[in-house]
Every structure is written in structure tokens, then in C-alpha cells.
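Structure assessment
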Amino acid sequence: MSASGPPATDSPPARPSTASSGPADALPDAADGLALVKPGVRAQTAYSLGSPSAARKLNQNECPDDLPIELKRAVLDAAERAAWNRYPEFVPTGLLERLAAHYSWRSDGILVGNGSNELIQAALAVLVAPGDTVVAPAPTFSLYRLLSGVLGARYLPVPLGTDFAYEPERIIEAAVRERARVVVLNTPNNPTGSILPPSAVERIVAETGAMVVCDEAYQEFGGPTAVPLLRQTARLIVLRTFSKAMGMAGLRFGLALAHPEVAREVAKGKLPYNVNQVTLAAASVALDHAPLLAARTRAIVETRDRFLPRLRRIPGLTVYPTGANFVLIRSRALPARELFRRLLEEHGILVRDVSGAAELAECLRISIGTPEDMDAVLAALQAILGGAA
């Protein structure tokens, strides 16, 4: 996949409507304004996702269960006690100390953000200059390519191996050859579910001169974590999120863990007061109930591990290994877009069509939902493709 190719995981972007309902809605020609937008930005494909209504929503890797009502009440009670006319804490010291205990790292080496996506943006903003090279696996989360392009960096995708397995040697070779400034590793990788082999991050740090940004949005569902390696190197940033395992996608909370001096520099790339009072309260409540949320995560993993063997028995599908709360499939018997359409229109099941990228031709990604959701997916696939699961 070339650096200017389509994003790996996005549906085709929705184009802004140009319809006009009357003279009051008339707009001037955009050419003068667009001429001032950086060409490298205009060359990028925007991150975009259409999400039609469906009885079973399995397209965004969300936690299938909402936060229990008693936890929501605790969040709202805490938010109600806060002064809404005042900015949130510039540095939420108490929360950082709790996060440090939870992740076994130092509070002065933790930054919080409006989702981990904001911290991806902040990290790249302070690390790369125009012309610098960012190396990442392919396919992977398309936001890395987009932000690299916006910053004027050269984005170099390194293909994953057989069954989308990570091959650290290829990443190392590319990073050394191209003198990469940054190596981005998404593990488990979205949209493939691939996990890095043990010690892979340590090797990549040791054998390249790059800053390694390890995006662990899905780590609670499987695979090793790079957090312990923070004690051995300053060339590592680990990103985590409360959107997936913690079930807080709607509140947007993420964090970055790094050497304290590196964290201070990354902080320059994020906006002040970037996490609101309600989300700060929710993060604290989530930590209060971490054992409960961990048990829910284990239940999702158990659902996944029961689902996958049955999925593999359906003819016409290739099912790829996964350590995440989703699974990537390749449809051999039916075009992926047709399978996507029939799942939605005939069975009310919305999955993610990722087939637009060359490496993902005829592929769909299915989030792990409730046991009932997964039974419904199996029944729908059987009805469409045949076979018994």
C-alpha cells in the first residue's frame, strides 16, 4: 500500500452536502480558501464513518454493555459537585496518581487526553517535522497516516506477514533504512487483531533510533504490554484508552505513559483543559470499580473465544487470529460489500466493511458483542453462506 493510498480501516468518506434550499444558503466559490490549505492535507483522505441504524451494532469495537446505572449515578454525582463555571484542573494530580498505581508507572510520566486519539496527535505533533519518516504496519488504524500527512511527514507502511502476523524484522529493517523518526505499533492491531510477539517492542527500540509509539487501545483483550519497558528506555510512548475495555467510548478518555521528560514535551502538543469535568469524574469512578470492569472484559474475551471456533466452521470465510475484541474475516464465497449489505438489510447486523484497502480486499471486521449478538451473527452467516456452526 503506497503512502498516498486509501486509509486501511475507513469507509469511503462522506462528502459534504452542496444542496441549497434558497438564496440565503448560497456560498461563494471555495477555490480561494482551498488554495491556502496545505497540499499535503488536501491529498489526505479524511477519517470518516457512516453508521446506519441497526439492531446489532458491531462496527466500532465498543464495549457491548453500557456502564451500570449505579456507576453512571456516581459519575453524575461527582460531576454535580464540581463547579461547572470553573475550568477543570490543569493537571489532575489526584487522578494521575491513581492512574500511576493502576498502570504501575509514575504519575509525572502520564498525560490524559480527550481520548487516546488526541494523544496520538500530540505525540506526532511534537516528534515529527516535514520530511521525517513515520513507519507503521499495514494495514493498521488509518489515523496515523492521516496525521502524519497533515504534519508533512512521510508515512511508510510495512506490510504484515502471513495471516497478518507481525514480523518485527521487517519493521526494524524499514525503520533503519529510512532513518525513521517514529515507529507506530498498534497492538492488538486494528483492524487485523494481530498481537506483537513477546520482546518485539524491546527489539524495535534497541535496533532502531526511532521513538516507538505503542498504541495499546485493545491490550486488555490480549497480548503483551510495553509498559514495563518504560523503565528501560526513554524512546517509548504507550497509549491506553478507557473507550474499549472500560466501556467509556462516549466520554472520551485516554492516556499516554512515557518518561517524565518526554511526557513534558508531548504535553506541549495538546490543548490545555482538554478533559472535561464529567470525563475526569468518570475516569475516577472507573478506577474505583476496576475489578468489575476487568470482569466484564474477561467475559468479552470468553465470548470471543467461544465464537471464533464456530465462525471458522462456516464455509466461504477465512477467519484471522485475533487478540482484540473484534475479528477480521475474508469472504471467499461472496463479495464483502454484498455480505455486509445482506447482514445489515436482512438480519439487522452492522459490521465494518474494510474491503476498500488492497490488503483487506473482501474483508469485514466484526466487533465482539454480547453472546446473543454473536449467536445472531453466526445464524445470519449460516443463512447467507450455508454450513453449520
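This write-up is about the structure you can find in this document. Just so you know, these numbers come straight off a predicted model, no measurement behind them.

1. Quick word on the environment of alanine 55
- Secondary-structure assignment places alanine 55 in the loop between helix H2 (39-42) and strand E1 (56-57).
- A relative accessible area of 75% means that alanine 55 is categorised as exposed.
- It is 8.4 Å that separates the C-alpha atoms of alanine 55 and histidine 347, two residues lying 292 residues apart in sequence.

2. Structural notes on the sheet that holds strand E6 (residues 211-215)
- Taken in spatial order, the 7 strands make up an open sheet running E2-E8-E7-E6-E5-E3-E4, and their pairing is mixed. The open sheet is flanked by strand E2 (110-113) and strand E4 (154-159), the only strands paired with a single partner. Neighbour-to-neighbour, the strand axes of this sheet turn through a mean angle of 20 degrees, independent of strand direction.
- Pairing of strand E3 (residues 133-138) with strand E5 (residues 182-186), which is carried by 2 bridges, proceeds in the parallel orientation. Of the residues in E5, the one forming a bridge with valine 135 is valine 183.
- Seen against the sheet, helix H6 (residues 143-150) touches E3, E4, E5 and E6 and runs at an angle of roughly 155 degrees to E4.

3. Observations regarding the packing of aromatic side chains
- Under the defined criterion, the tally for this structure stands at 6 aromatic pairs.
- Plain terms: the ring middles of phenylalanine 90 and tyrosine 273 are 5.4 Å apart, the flat faces sit at 80 degrees to each other, and that makes the pair edge-to-face. Placement of the pair is phenylalanine 90 in the loop between helix H3 (69-81) and helix H4 (93-103) and tyrosine 273 in the loop between helix H9 (260-266) and helix H10 (277-288), with a sequence separation of 183 residues.
- Three or more aromatic residues link up through ring pairs in this structure, and these residues are Tyr87, Phe90 and Tyr273.

4. Quick notes on the pairing of E3
- Among the 6 residues of E3, 6 are classified as buried, and the element is accordingly described as predominantly covered.
- Here E3 runs beside E4; their pairing, made up of 6 bridges, is parallel. By the bridge assignment for E4, threonine 133 is matched with arginine 154.
- Crossover handedness for the path E3 to H6 to E4: right-handed.

5. Describing H4
- Leu95, Leu96, Leu99, Ala100 and Tyr103 are the residues of H4 that are buried. The buried residues of H4 all sit within an arc of 145 degrees when viewed along its axis, so they share a single face.
- Taken together, the buried residues of H4 touch E2, strand E7 (236-241), strand E8 (254-258) and H10.
- Backbone geometry just after H4 places serine 104 at a positive phi near 55 degrees.

6. Describing the sheet that holds strand E12 (residues 352-353)
- Strand order in the open sheet formed by 4 strands is E9-E10-E13-E12, with antiparallel pairing between adjacent strands. Each edge of the open sheet carries a strand with a single partner, namely strand E9 (317-319) and E12.
- Pairing between E12 and strand E13 (residues 363-367): 2 bridges, direction antiparallel. Across the sheet, residue arginine 352 finds its bridge partner in E13, namely arginine 365.

7. Quick notes on the pattern of salt bridges
- All chains considered together, the criterion is met by 21 salt bridges.
- Note that glutamate 207 and arginine 203 form a salt bridge whose closest N and O atoms lie 3.3 Å from each other. Of the two residues, glutamate 207 and arginine 203 are both situated in helix H8 (residues 200-207); the distance of 4 residues between them amounts to about one turn of the helix.
- Classification of glutamate 207 as partly exposed rests on a relative accessible area of 40%.
- Take arginine 203: its relative accessible area is 30%, and that puts it in the partly exposed class.
- Ionic pairing is found between glutamate 338 and arginine 341, a salt bridge with its closest N-O pair at 2.6 Å. Taken together, the residues glutamate 338 and arginine 341, both in helix H12 (residues 336-347) and 3 residues apart, mark about one turn of the helix.
- With a relative accessible area of 31%, arginine 341 lands in the partly exposed category.
- Three or more residues joined by partner-sharing salt bridges are found here, namely Arg154, Glu173, Arg177 and Glu178.

Reading guide: rules and limits
- Residues numbered from 1 in each chain as written.
- Predicted model: local features only at pLDDT ≥ 70, side-chain atom pairs only at ≥ 80, totals over all residues.
- Heavy atoms only, no water.
- Helix = DSSP H or I, 4+ residues; strand = E, 2+ residues; numbered from the N terminus.
- Buried < 20%, exposed > 50% of the residue type's maximum accessible area, 1.4 Å probe, protein only.
- Pairing = 2+ DSSP bridges.
- Axes fitted to C-alpha atoms, helices over the stretch in contact; angles between N-to-C directions.
- Contact = heavy atoms within 4.5 Å.
- Phe/Tyr/Trp six-rings, centres within 6.5 Å; stacked < 30°, edge-to-face > 60°.
- Right-handed = clockwise from strand over helix to strand, strands pointing away.
- Arc of directions from axis to C-beta.
- Salt bridge = Lys/Arg side-chain N within 4 Å of Asp/Glu carboxyl O.

Take it as geometry only, folks, not as evidence of what the structure does.
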